[in-house]
2 protein chains.
Amino acid sequence: MPELRKDSILDRWVIISTDRAKRPSDYATEPVVIKGGSSCPFCTGNESKTPPEITALRPDGSRPDTPGWAVRVVPNKFPALQPDGNAERTGDGLFVRVDGVGAHEVIIESPDHQASLAQLPEKRIEDVLTVFRDRMVDLKNDPRFKYVLIFKNYGLDAGASLEHSHTQLIALPLVPKQVREELDAARDYHRRHQRCVFCDIIRQEKQTQARVVSEDEHFLTVAPYAPRFPFETWILPKQHGAFFEDAAAGAYLHLARALKQLLLRADQLLDRPPYNFFLHTSAMREETELYYHWHIEYMPKLTRMAGFEWGTGFYINATPPEESARALRELELRAAPAPANPGS
Amino acid sequence: MPELRKDSILDRWVIISTDRAKRPSDYATEPVVIKGGSSCPFCTGNESKTPPEITALRPDGSRPDTPGWAVRVVPNKFPALQPDGNAERTGDGLFVRVDGVGAHEVIIESPDHQASLAQLPEKRIEDVLTVFRDRMVDLKNDPRFKYVLIFKNYGLDAGASLEHSHTQLIALPLVPKQVREELDAARDYHRRHQRCVFCDIIRQEKQTQARVVSEDEHFLTVAPYAPRFPFETWILPKQHGAFFEDAAAGAYLHLARALKQLLLRADQLLDRPPYNFFLHTSAMREETELYYHWHIEYMPKLTRMAGFEWGTGFYINATPPEESARALRELELRAAPAPANPGS
């Protein structure tokens, strides 16, 4: 019997096919292959091919827009939003619009064209996460922005137009629908129960263990009860906190460890699938500390959205999260292949 | 300057790139090609390859599950939901589930494997729409069902697993999120203005004409102000009504004409793109007559969803609706190619 499950936070339902559960090999996706190419604007030595850098980690103290960096942040060359203008709403009868004011940046995760995020050493992933934090703290100073979304598209089928490993950041003049719904639902839950819904999820998932992929002292990696997509997995910090950028010292190294583990496991189990992940943190300058709880949502791109999903806002998922979590959890991780050029 | 536009009904925003508007030829999609194959379970003569038919239009009075039909409805062989069981909510701590009770049916639009819906004569499309109505009226008798979604996936990239032209129907034990949000927003609008928001949209779009694709006495075909996808287009009945199945006599023929026009135009302009459309009608047995307004939403599959869309619930659309409507409107329609086997 299939099951309709409600997301534990949002009013979003998924149909889980429990009878004919699809296993990893039932999803036919092309593994992401890095082809390389000397003209990549994200490669070290090609710094002049991007707009001037916004910031970079430069352990060797080198000058901006020259080699020597470990992580580099540049404006997106084809930005979805523009930095100039104001964010006032204007109307035209029924219709409401805002100038497309915002920031659209690219975080280049490594100078090495071949290395995927999963293959970077934990310390380097920590660097990337720390740069996320720094950019958020900086963009918070601009009162026009209400939200910063950090998201990653990996592989062409997941929307990446360049293969050199990178994450994107968009600062928005309004709070996204998805985040607003999470914030509202978490606030309502807190009003009723005087507890954080994410903390309660962590407690319940730890008890049953059925959907846990991995766990350490600091992070729980878990398939959500009602995943939109097969093998969708969330990383939740055990330490309650609404704002990613306010996480405790050391948190980013622990998160780097959890994220690397998840990416390596998914890469091995699903044969380097294209994927997306995004970071959900609180809306800026809102009093959400009591009830919101930042986290990462990871989703490999194994299926297509179709008419049912567009028409309903519901999802059909042929792999129950108990199955996806078990497969990811029980996997014996092979040693990761060394990046092509580990010195870079 | 890009623009952020709010959907005129929902709290859903899109980023419209107004500077570098993408034209039809900028989207690289493979045209849908019908390959054919004698083993197709939807072809006439292969009636035994589907589960027994639920209903069919049989102008020649032939027996069920034999040739002679014009439109045939069968249960989906791999249903997302099952007809047996009850629709009670059960809980497990934080988690809420319902047995996956529902109906999942396939409406085979023509016995001819080669004919797409766009290529059928208007009268045949009217038959298909009349069958949609009949199925809705029938399923309404089952008190477990709260909503019937009719949707079409055309082409592999839009989620169709069989190429023989068909539409799907899913009856659900709860009202989908997307529909609930539309119903709530339309109700709130009506409370404030004592008018239907869809009727107001029709009025305003007719005034400006900027997003109108085509129009006749009965239907307005229009690009929405804040389309999620390039070339997204809606068909709105000018006659107010919440329930598709209660439309006036003759409405389905007029709708058939509007739908055929839109599909032919999009097929020619975008080179037979994969597409989805769905029918939004009121939730069953709700008092929505004053404020809801049934309609069809059509979206060719030209782009991919990625991390930004998943993380925000917002969309980035590189073709302003004024451009997509103009291109569809100004197109000179070639005579449609005759279906391979027009007699069938």
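Note that the structure is a prediction, hence the values are computed from the model and not measured.

## Describing the packing of helix H1 (residues 122-139) of chain B against helix H4 (residues 251-270) of chain B
Residues and elements named next belong to chain B.
- Running from N to C, H1 and H4 point in directions that differ by 120°, and their axes come no closer than 8 Å. Relative to H4, the crossing made by H1 is right-handed. Contacts from Glu-122, Ile-125, Glu-126, Leu-129, Thr-130 and Arg-133 of H1 reach H4 at Tyr-252, Leu-253, Leu-255, Ala-256, Arg-257, Leu-259 and Lys-260.
- Its residues placed into classes, the contact of H1 with H4 shows seven nonpolar, one polar and five charged.

## Points about the relation of the copies chain A and chain B
- Superposition of chain A onto chain B requires a rotation of 180° combined with a translation of 0.0 Å along the rotation axis, giving an RMSD of 0.0 Å. With respect to symmetry, the two chain copies, as superposed, fit the operation of a two-fold axis.
- When you check the interface residues of chain A against chain B, 100% turn up at the interface there too, and the contact is symmetric in its surfaces.

## Concerning the interface of chain A and chain B
- Counting residues at the interface gives 58 residues for chain A and 58 residues for chain B.
- At the level of secondary structure, the elements contributing two or more residues to the side of chain A that touches chain B comprise strand E1 (3-6), strand E2 (13-16), strand E6 (95-99), strand E8 (147-154), helix H2 (177-193), helix H3 (197-208), strand E13 (275-280) and helix H5 (307-312) of chain A.
- Residue classes in the side of chain A that touches chain B are distributed as 30 nonpolar, 16 polar and 12 charged.
- Summarising the sheet, E1(A) and strand E6 (residues 95-99) of chain B pair through four bridges and their orientation is antiparallel. Looking at the pairing, A:Leu4 lines up with B:Val98 of E6(B).

## Describing H2(A)
- For H2(A), which comprises 17 residues, the first-to-last C-alpha distance of 24 Å matches the rise-based estimate of 24 Å (1.5 Å per residue) to within 8%.
- All buried positions along H2(A) are accounted for by A:Gln178, A:Val179, A:Glu181, A:Glu182, A:Leu183 and A:Ala186.
- Against the buried residues of H2(A) lie E8, H3 and E13 of chain A together with helix H5 (307-312) of chain B.
- Phi turns positive one or two residues past the end of H2(A), at A:Gln194, with a value near 55°.

## Things to note about the confidence of the model for chain A
Residue and element names in this part refer to chain A.
- With 97% of its residues at a pLDDT of at least 70, chain A reaches an overall mean of 94.
- Here residues 340-344 scores under 50 on pLDDT; set against residues more than four positions off or in separate chains, the count is six contacts.
- Here the predicted complex carries an ipTM of 0.92, next to a pTM of 0.94.

## Here we look at unusual backbone geometry
- Its identity as a non-glycine residue notwithstanding, A:Asp65 has a phi of 60°, on the positive side.
- Here A:Asp65 shows up in the loop between strand E3 (55-57) and strand E4 (71-75).
- The exposure class assigned to A:Asp65 is partly exposed, which follows from the 15 C-beta atoms found within 10 Å.
- Although it is not a glycine, B:Arg285 sits at a positive phi angle of roughly 55°.
- Along the chain, the position of B:Arg285 falls in the loop between strand E13 (275-280) and strand E14 (295-300).

## Notes on the pairing of strand E5 (residues 89-92) of chain B
Residue and element names in this part refer to chain B.
- Where E5 lies against E6, four bridges are found, and the strand directions are antiparallel. Residue pairing for E6: Gly-91 is matched across the bridge by Val-96.
- In this structure, the hairpin formed by E5 and E6 is closed by a connection of two residues, where Gly-93 is found at a positive phi of approximately 60°.

## So, the sheet that holds strand E11 (residues 219-222) of chain A
Residue and element names in this part refer to chain A.
- An order of E3-E4-E7-E9-E8-E13-E14-E12-E11-E10 is seen for the 10 strands of this open sheet, with the pairing classed as antiparallel. In the strand order of this sheet, the two ends are held by E3 and strand E10 (212-215), each with one partner. Strand-to-strand twist in this sheet, taken as the mean axis angle between neighbours without regard to direction, amounts to 20°.
- Two elements, E3 and E4, share three bridges in a ladder whose sense is antiparallel. Across the sheet, the residue bridging to Thr-55 is Val-73, located in E4.
- Sheet strands touched by helix H4 (residues 251-270): E10, E11, strand E12 (233-237), E13 and strand E14 (295-300). Its angle to E11, the strand with the most contacts, is close to 20°.

Criteria and thresholds
Residues numbered from 1 in each chain as written. Chains lettered and ligands numbered in written order. Predicted model: local features only at pLDDT ≥ 70, side-chain atom pairs only at ≥ 80, totals over all residues. Axes fitted to C-alpha atoms, helices over the stretch in contact; angles between N-to-C directions. Helix = DSSP H or I, 4+ residues; strand = E, 2+ residues; numbered from the N terminus. Left-handed = near helix turned anticlockwise from the far one by under 90°. Contact = placed C-beta atoms within 7 Å. Nonpolar A, V, L, I, M, F, W, Y, C, P; charged D, E, K, R; others polar. Least-squares fit on C-alpha atoms with pLDDT ≥ 70 in both. Pairing = 2+ DSSP bridges. Expected span 1.5 Å × (residues − 1). Buried ≥ 20, exposed ≤ 12 C-beta atoms within 10 Å, placed from the backbone. pLDDT = per-residue confidence, 0-100.

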